[in-house]
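Reading the structure
One-letter residues, chain by chain:
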Amino acid sequence: MSYIEVNNLRKTFTVRKKREKGKFFREMEIIEALQGISFVVEKGELVGYIGPNGAGKSTTVKILSGILTPESGEAKVGGRIPWKERKEYVKHIGVVFGQRSQLWWDVPIVDSYSLLKDIYRIPEKDYKDRMDELVEALQLEKLLRTPLRLLSLGQRMRAELCGSLLHRPELLFLDEPTIGLDAVSKLALRDFLKWENKEHGTTIMLTTHDMEDIAELCSRVMVLGHGQKLFDGNLKDLLEKYDTVRTVTVKYNTAEPKLELTEGAQIIKKDGEIRITYTPSEIPTANMLELLQRAGNINEMTLESENIDHLIAAMYKEMDL
Amino acid sequence: MRAYISVFKMRLKMETQYRGAMLGGIICQMFFGIVLVALYRALFDSKAQTIPIEQVTTYVWLQQAFFRMMVATDMDLWDKVKTGNISYDLCRPVDMYWFYYIRISAQKLMGSLMRGIPMMIVAFLLPKGWGMVPPASFAGLLSCILALVIGLLCMCALENITMGFTMRTLDAKGMQGLLNLLMVTFSGNLLPLTLFPDSWQKVITMLPYAQLLDAPIRLYTGEYPVSGAPLIFLRQAVWAVILILLGVWFWRANRKKMIVQGG
């Protein structure tokens, strides 16, 4: 049996529409947030869960963390049904909602941790060991006596992570953990997540809009759109289909290079630089480079693949999201 | 159990951080106290009343001293409901109703003691006919304290019911405003319940709001004899149980329909 088993999970929300003219009551609209999602996750996996806003990512996380009850379908995590055995179940999981806070606003964060210690009944010794470990890994030692309200966003996210991992959960849900973080904080956070996953075998399920997060962290990615699962596999396979274009930028020493390009390549000349966009399946990269060298004396050249965000945008577009 | 004790302690500690707010609260409540006492003195001067003035002023001061117990709300909890931070509390291995109940009780207890004790000291020092008088008897004082504790239990249960409405409407102000109006009126904060017509009192003293502060104060002033105290405790306890059961049921119903909006 797999660690997480989700089968045909459905969730609908009822939303009241604006009252139409001439009608006494407002009409209700039913929004299907999840239309029968199924997947399995093995223990120790690091899974990325992506999709445009409103795809149902957070809803899945909320159901799997025992907060919401689905309309129908089954889900079992470690043999437990999250919304039925909530109190027992949640002892084994940790959740980080990137846009919310679990620590107390006005008190030093270490006090919030000691409350969490009591909530999860963590033995004193275990708590100490774990704290030492997390405080070092997340560089929190200078912040422990500071009230949450004085921390920067990056510091706060680190503090939140520590809070969610104190009780050594087997499974960690991260809902947009890198939202609003600067580059350094993002890198540190990713390193930490990799470390936690490797060191403790924690299963991690991560929703994000930051493709770098996925590329860096996740061996597997699931794409969700309109409440349905559209893709499940590794990121490379997902991108290969959309990763069709290369851009090469060259600068020549000679003033007027004689470029003889074949059909299908686009050229933009600007400030002595030449940008050529081409499709490797039509013009192999080796041929392209040969062409460029023949044209003149090359001063500088860079070859780039398409930006990952563009790829995802193209993918969402094709999937009609 | 440890979780509940821990959150209780934490909230006590947090309350002691707001000393500026405490001072402001004391000044505000002292002002209200003086105005009300002056008002009743004017009333008593123009027409002799059956109830001694000392009893009324003591009633007013005790009401003001424990005002915080009645209308204190934990803004953090409102915010949690409004912003959705409540999500975190929903995925903790604790019973949410009691977790919040305990938290509120710590705030009400600490908040009212921090304000009430200095205020009562000042009220005792005021001239006769303006300030507070000692309790009718030592037994009366003890039963007043016990009644206050049970009153606090009712209070927190009421607060959680308001919270249940907030979960539905996402706006704390509306329902809270309405319920606070009932509370301020029927708890004797606006006008001591002793001054209501006798026929009204028969009904009003049975309502849950009278159990909060009115019953303890009357035990203090001796209007309720100590011999009748057990019956009053019983009445309070019955209300506490009813209000708690109502709240638990309400929260459970909410939980099934719960959605956490946005993100």
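Right above here is the structure, for reference.
As a starting point, this report considers the structure included with it. This is a predicted model, so every value here is computed, not measured. (Residues numbered from 1 in each chain as written. Chains lettered and ligands numbered in written order. Predicted model: local features only at pLDDT ≥ 70, side-chain atom pairs only at ≥ 80, totals over all residues.)

**Brief notes about the overall build of chain A**
Rules: The helix count covers DSSP runs of H or I at least four residues long, the strand count covers runs of E at least two residues long, and both are numbered beginning at the N terminus. Using C-beta atoms placed from the backbone, we call a residue buried if 20 or more other C-beta atoms fall within 10 Å of its own, exposed if 12 or fewer do, and partly exposed for counts in between. Two residues form a contact once the distance between their C-beta atoms, set from the backbone, is within 7 Å.
Counting its secondary structure elements, chain A contains 10 helices and 13 strands. In terms of principal-axis extent, the alpha carbons of chain A reach across some 75 × 60 × 45 Å. Expressed as a percentage of the 321 residues in chain A, the buried residues total 34%. Counting contacts in chain A only where the partners sit at least 6 residues apart, residues at least 24 apart contribute 71% of the total.

**Here's the deal with the sheet that holds strand 2 (residues 28-41) of chain A**
All names here are of chain A. Counted only if it meets this: When DSSP locates at least two bridges between a pair of strands, those strands are taken to pair. Axes here mean lines fitted to C-alpha atoms, for a helix over just the part in contact, with angles spanning 0 to 180 degrees between N-to-C directions.
The 3 strands lie next to each other as 2-1-4, forming an open sheet whose pairing is antiparallel. Across the chains shown, the open sheet's two edge strands, defined by having one partner strand only, are strand 2 and strand 4 (72-77). If you compare each strand with its neighbour and ignore which way they point, the axes differ by 30 degrees on average. Pairing geometry for strand 1 (residues 4-16) and strand 4, over 5 bridges, is antiparallel. The residue of strand 4 that forms the bridge with Asn7 is Glu74. Of the strands in this sheet, strand 1, strand 2 and strand 4 are in contact with helix 1 (residues 57-64), which crosses strand 2 at around 70 degrees.

**Comments concerning the environment of Ile86(B)**
Residue and element names in this part refer to chain B. By the secondary structure assignment, Ile86 is in helix 6 (residues 86-90). Residue Ile86 is classed as partly exposed on the basis of its 19 C-beta neighbours within 10 Å. Taking the C-alpha atoms as reference points, Ile86 and Met96, separated by 10 residues in sequence, lie 9.9 Å from one another. Each residue touching Ile86, except ones within four places of it in the same chain, is listed here: Lys80 and Val81.

**Concerning the interface of chain A and chain B**
For an interface, size is often stated in terms of accessible area lost upon the parts coming together. The condition that has to hold: Nonpolar residues are Ala, Val, Leu, Ile, Met, Phe, Trp, Tyr, Cys and Pro. Charged residues are Asp, Glu, Lys and Arg, and all others, Gly as well, are polar.
Tallying the contact residues gives 26 residues for chain A and 23 residues for chain B. Elements with a contribution of two residues or more to the side of chain A that touches chain B: helix 1, strand 5 (93-97) and helix 3 (109-119) of chain A. For the side of chain A that touches chain B, the element with the most residues is helix 3 of chain A, which contributes 4 residues. Looking at side-chain class alone, the side of chain A that touches chain B contains 11 nonpolar, 7 polar and 8 charged residues.

**With respect to helix 4 (residues 124-137) of chain A**
What counts, and what does not: Any helix carries an expected span of 1.5 Å times its number of residues minus one.
The terminal C-alpha atoms of helix 4 of chain A lie 20 Å apart, and with 14 residues this matches the ideal 20 Å at 1.5 Å per residue to within 8%. One or two positions beyond helix 4 of chain A, positive phi appears at Gln139(A), with a value near 50 degrees.

**A few points about helix 7 (residues 96-125) of chain B**
Let me state the cut-off plainly: The seven residues ending at a residue and the seven starting there each receive a fitted axis; the angle between those axes is the bend at that residue.
Taking 1.5 Å per residue as the helical rise, helix 7 of chain B with its 30 residues ought to reach 44 Å, and the 44 Å between its terminal C-alpha atoms agrees with that figure. The largest bend along helix 7 of chain B reaches roughly 25 degrees and is located at Gly116(B), with the proline Pro118(B) sitting one to four residues downstream.

**Quick word on the sheet that holds strand 10 (residues 246-252) of chain A**
Residue and element names in this part refer to chain A. The 4 strands lie next to each other as 11-12-10-13, forming an open sheet whose pairing is antiparallel. With one partner strand each, in any of the chains shown, strand 11 (266-270) and strand 13 (298-305) form the two edges of the open sheet. Averaged over all neighbouring strand pairs, the angle between strand axes comes to 15 degrees, with direction disregarded. Strand direction decides the pairing type here: strand 11 and strand 12 (residues 273-278), joined by 5 bridges, are antiparallel. Considered in strand 12, the bridge of Ile268 is made with Arg275.

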